[in-house]
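Residue-level listing of the chains:
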Amino acid sequence: MSASDNAAAKLHPETRLVHAGTMRSQFGETSEALFLTQGHVYDSAEQCEARFLNKDPGFQYARFSNPTVSMLEGRMAAFESAEACRATATGMAAVTAAVMAPLRAGDHVVAARALFGSCRYIVEDHLPRYGVESTLVDGTDIEAWRKAVRPNTKVFFLETPSNPTLEVIDIEAVAKIAKAAGARLVVDNVFATPLFQRPLELGADLVVYSATKHIDGQGRCLGGLVVGSKELIEGDIQTFLRQTGPAISPFNAWVMLKALETLPLRIAKQAENATKVADWLAAHAKPSKVIFCGHKSHPQAEIIARQMSGPSTLIAFEVPGGKDAAYRLLNACRLIRISNNLGDAKSLIVHPATTTHQRFTPEVRADMGVTDGMIRLSIGLEHAEDLIADLEQALARV
Ligand SMILES: Cc1ncc(COP(=O)(O)O)c(C=O)c1O
């Protein structure tokens, strides 16, 4: 079954994640093969020429494409019911390509202010160096997106739920404004996971992932994915990736490809665990605030009910006493380990103000809602009771 199979579209998502994109070699292997090769040989000089002219189907060079990488791309495209996908070396390479590929000096970008640190760096610091202006808006304020549009606006970029504040943006409403403005809407879907949110169906033009997170889900490899229409993916995205070169290693692509097969099971269990932990935290006296996409108390609960089919695996909470109290809690955790990664089978905890969001001034952090007492918790596959017991003894130190 390949991504282009019409039959694939009719299958349930779980089935597509196991079978779609598979290309068997002449050996008929059960599990997808790892093609650890930089390049390919041709039967003749004529065939080589035809391959370079895109007249002969097949592979040329691993910076452009590779059979294992193509299987990952085909599987992900089929899962998202999208026409095409490209895999990249990291999530940031996917974000950079999706945002920068169509831009020229003199263009303008509108982005939500609550972005992962490196994503905000691209918009706020990197693009202006090349003559591209950017406006950061409160992503939850739909009027702010409309007001930010200029005649030269080419790209809208948002992340929902956001890292680490779990702020949720109405994708459909922003997509309508982007469309009217003739701008491309890029959605970073890392926190929602492809299982719980389908931005393309809500009007986004491109969806990007750090596959490093839930897709690998076991802390092994870095990777990124850009998903969307054939026109965009095989247009400026492909050109940007091919010429600038952030190709994913075939080995990493193979790990991601196999990891997709178990993604629904892992995410369902992690989300179930996250719900138990978030409910417990919300009932505990110590945290001054608990933000979780599965809670009715979430500020954008109404949008979540419309656009997400699950709560994500992340929890943000605040402890009174700022950084000192947060550090006491982190240092007291035994099972839950301190790490800036997320989406892993192992539960991980981090203090965003001094790590992922450290480079921002206190004022910018405050504007983004990242307080000194805020803690981000990524829930894994352990038994929920063990996680709660770990947090209980750690909260006692706060
Ligand atoms: C929301 C979000 N987008 C993008 C990235 C970048 O991904 P990578 O680290 O794979 O480059 C991250 C990484 O933490 C992230 O959390």
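Residues numbered from 1 in each chain as written. Predicted model: local features only at pLDDT ≥ 70, side-chain atom pairs only at ≥ 80, totals over all residues. Heavy atoms only, no water.

Colleague: Would you mind showing me how to read the overall build of the protein here?
Modeller: Secondary structure summary: the protein contains 16 helices and twelve strands in total. Relative to the 2.2 N^0.38 estimate, which gives 21 Å for 398 residues, the radius of gyration of the protein is 21 Å and therefore close to what a compact globule would have. Counting only C-alpha atoms and orienting by the principal axes, one finds that the protein spans roughly 75 × 50 × 35 Å. Per-residue burial for the protein yields a buried fraction of 55% across its 398 residues. Here the analysis covers contacts within the protein between residues at least 6 apart in sequence; of these, 73% occur between residues at least 24 apart. Taken as a whole, the protein presents about 16,900 Å² of accessible surface, with 53% of it coming from carbon and sulfur. Taking the 41 positively charged and 44 negatively charged side chains of the protein as two groups, their mean positions are separated by 2 Å. (Helix = DSSP H or I, 4+ residues; strand = E, 2+ residues; numbered from the N terminus. Rg over C-alpha atoms; globule rule 2.2 N^0.38 Å. Buried < 20%, exposed > 50% of the residue type's maximum accessible area, 1.4 Å probe, protein only. Contact = heavy atoms within 4.5 Å. Areas by Shrake-Rupley, 256 points an atom, 1.4 Å probe, with all protein chains shown as cover. Lys, Arg positive; Asp, Glu negative; His and termini not counted. Charge placed at Lys NZ, Arg CZ, Asp CG, Glu CD.)

Colleague: So what exactly am I meant to see when it comes to the pairing of strand β4 (residues 153-159) here?
Modeller: If a strand is regular, its side chains alternate between the two faces of the sheet. Judged by how many residues are buried, β4 sits mostly within the fold: six of seven residues are covered. In this sheet, β4 lies alongside strand β2 (residues 108-112) in parallel orientation, the contact comprising four bridges. Opposite V109, over in β4, you have V155 as the bridge partner. Sheet topology places β4 next to strand β5 (residues 184-188); five bridges connect them, and they run parallel. Bridge pairing in β5 places F156 opposite L185. Taken together, β4, helix α8 (residues 171-181) and β5 constitute a β-α-β crossover, and its handedness is right-handed. (Pairing = 2+ DSSP bridges. Right-handed = clockwise from strand over helix to strand, strands pointing away.)

Colleague: What's the story with the sheet that holds strand β12 (residues 374-378) in this structure? I'm lost.
Modeller: Pairing between the strands of a sheet comes from backbone hydrogen bonds, and it takes one of two forms, parallel or antiparallel. In space, the five strands of this open sheet follow the order β8-β9-β12-β11-β10, with mixed pairing throughout. Two strands bound the open sheet, and with one partner strand each, they are β8 (289-291) and β10 (337-338). Examined bridge by bridge, strand β9 (residues 314-318) and β12 share five bridges and lie antiparallel to one another. Its bridge partner lying in β12, F317 is registered against I375. Across the sheet, helix α12 (residues 263-283) lies against β8, β9 and β12, angled at about 15° from β9, the strand it touches most. (Axes fitted to C-alpha atoms, helices over the stretch in contact; angles between N-to-C directions.)

Colleague: Looking at this structure, I do not really get unusual backbone geometry. What am I missing?
Modeller: Glycine aside, negative phi is the norm for most residues, and most peptide bonds take the trans geometry. A cis geometry characterises the amide bond from T160 onward to P161, with omega recorded as -10°. Assignment of secondary structure puts P161 in the loop between β4 and α8. At the junction of N163 and P164, the peptide bond is cis and its omega measures out at 5° in the coordinates. Residue position: P164 is located in the loop between β4 and α8. With phi around 60°, N54 is a residue other than glycine that occupies positive phi space. Mapping N54 onto the fold places it in the loop between α3 (45-52) and α4 (67-79).

Colleague: Could you clarify how one ought to interpret the side chain of E73 in this entry?
Modeller: Inspection of the secondary structure assignment puts E73 in helix α4. Since its relative accessible area comes to 10%, E73 is described here as buried. Leave out the neighbours within four places in its chain, and E73 touches C85, R86 and A87.

Colleague: What am I meant to see in the pairing of β12 here?
Modeller: A large share of β12 lies buried, amounting to five of its five residues. Side-chain alternation along β12 places M374, R376 and S378 on one buried face and I375 and L377 on a second face that is also buried. Sheet analysis places strand β11 (residues 348-350) next to β12, joined by three bridges and oriented antiparallel. Among the inter-strand pairings, L348 is bridged to a residue of β12, identified as S378.

Colleague: Can you help me understand α4 in this one?
Modeller: It helps to recall that an α-helix has 3.6 residues per turn; residues three or four apart then point in one direction. For α4, built from 13 residues, the straight-helix expectation of 18 Å at 1.5 Å per residue is met to within 8% by its first-to-last C-alpha distance of 18 Å. Counting buried residues in α4 gives 13 out of 13 residues, a clear majority hidden from the surface. For α4, the N-terminal cap is N66; the gap from its side-chain oxygen to the backbone nitrogen of T68 is 2.8 Å. The positive-phi residue at the C-terminal boundary of α4 is S81, with phi of around 55°. (Expected span 1.5 Å × (residues − 1). Polar contact = N/O pair within 3.5 Å; in protein donor to acceptor, adjacent residues only side chain to side chain.)

Colleague: What is the right way to look at the site of the ligand in this model?
Modeller: Near the ligand there are 13 residues, and of these M92, D188, S210, T212 and K213 occur at the shortest range. A distance of 2.8 Å separates an oxygen atom of the ligand from a polar atom in the backbone of G91. Measuring from an oxygen atom of the ligand, one finds a side-chain N or O atom of T212 at 2.6 Å. Protein burial of the ligand: of its 390 Å² of free accessible surface, 90% is covered by the chains. Looking at side-chain class alone, the shell around the ligand contains four nonpolar, six polar and three charged residues. (Near = heavy atom within 4 Å. Nonpolar A, V, L, I, M, F, W, Y, C, P; charged D, E, K, R; others polar.)

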